[in-house]
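Here is what each chain is made of, one letter per residue.
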Amino acid sequence: MMNMYQAFATDLNQLLNGARAVRITVPGYMPLSVEEIGSSGEGYRLVSLCHYGEQNGDLMRDPDIVFLFHNVPDGMAAEPVSFWNDYLGIVQEVYRYDEAGKHTHVLPTLKQDLTEFAESWFANLKDQGFFASTAVREILSS
């Protein structure tokens, strides 16, 4: 699984390309937002990968996966730690946290499910052209 997390880190950093937040548009698909959203209670970088739709004037996550970055011996790894889909009313968190924001428990089945979903989503994003030089990139925060 660590190789997959390293691939996620590489892909997210490629999409961000040095920015803190970008919106990437490919004709025929919902725009993709990639954004550094802060850090975990343990000080690790958090990055959101999200498609936003709109319903009754409200932005709706469809889906949003948050990745937690951490150092590994041969680079960076990005582990998917949460999943949101506002249309379906789904909020899933891999870890449970204490009052200080440090994780205390893990849900291993959800962790595996999110990893598999993220792997499939990245493959789809590549097939759809979000990694291509023809994709329109709007830097929202540098």
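Preceding block: the structure.
Described in the following lines is the structure provided in the data block. (Residues numbered from 1 in each chain as written. Predicted model: local features only at pLDDT ≥ 70, side-chain atom pairs only at ≥ 80, totals over all residues. Heavy atoms only, no water.)

Comments concerning the nonpolar core
Line of reasoning, step 1. With 36 residues, the main nonpolar core has Leu12, Leu32, Val34, Leu49, Phe67 and Phe122 as its most contacted residues.
Line of reasoning, step 2. Listing elements by their share of this core, those giving two or more residues are helix H1 (2–16), strand S1 (21–25), strand S2 (32–39), strand S3 (45–55), strand S4 (58–72), strand S5 (75–85) and helix H2 (108–128). (Core = buried A, V, L, I, M, F, W, Y, C linked by side-chain atoms within 4.5 Å. Buried < 20%, exposed > 50% of the residue type's maximum accessible area, 1.4 Å probe, protein only. Helix = DSSP H or I, 4+ residues; strand = E, 2+ residues; numbered from the N terminus.)

Some words on the environment of Met76
Line of reasoning, step 1. Along the chain, Met76 falls in strand S5.
Line of reasoning, step 2. Given a relative accessible area of 33%, Met76 falls into the partly exposed group.
Line of reasoning, step 3. Placed 35 residues apart in sequence, Met76 and Lys111 show a C-alpha to C-alpha distance of 18 Å.
Line of reasoning, step 4. Non-local contacts of Met76, meaning those with residues more than four positions away in its chain, are made with Gln6, Ala9, Phe69, His70 and Asn71. (Contact = heavy atoms within 4.5 Å.)

A few points about the sheet that holds strand S6 (residues 90–93)
Line of reasoning, step 1. Strands sit in the order S6-S5-S4-S3-S2-S1-S9 across an open sheet of seven strands; the sheet is antiparallel. Sheet topology places S6 and strand S9 (136–141) at the edges, where each strand pairs with a single neighbour. With strand direction ignored, the average angle separating the axes of adjacent strands in the sheet is 25°.
Line of reasoning, step 2. Bridging between S2 and S3 involves seven bridges; their strand directions are antiparallel. Looking across to S3, one finds that Val34 is bridged to Leu49. (Pairing = 2+ DSSP bridges. Axes fitted to C-alpha atoms, helices over the stretch in contact; angles between N-to-C directions.)

A closer look at unusual backbone geometry
Line of reasoning, step 1. For the bond running from Asp62 to Pro63, omega is -10°, close enough to zero to count as cis.
Line of reasoning, step 2. Relative to the assigned elements, Pro63 resides in strand S4.
Line of reasoning, step 3. One non-glycine residue, Asn17, adopts positive backbone phi at about 50°.
Line of reasoning, step 4. As for its position among the elements, Asn17 is in the loop between H1 and S1.
Line of reasoning, step 5. You will see that Asn56, though not glycine, has its phi angle at about 50°, which is positive.

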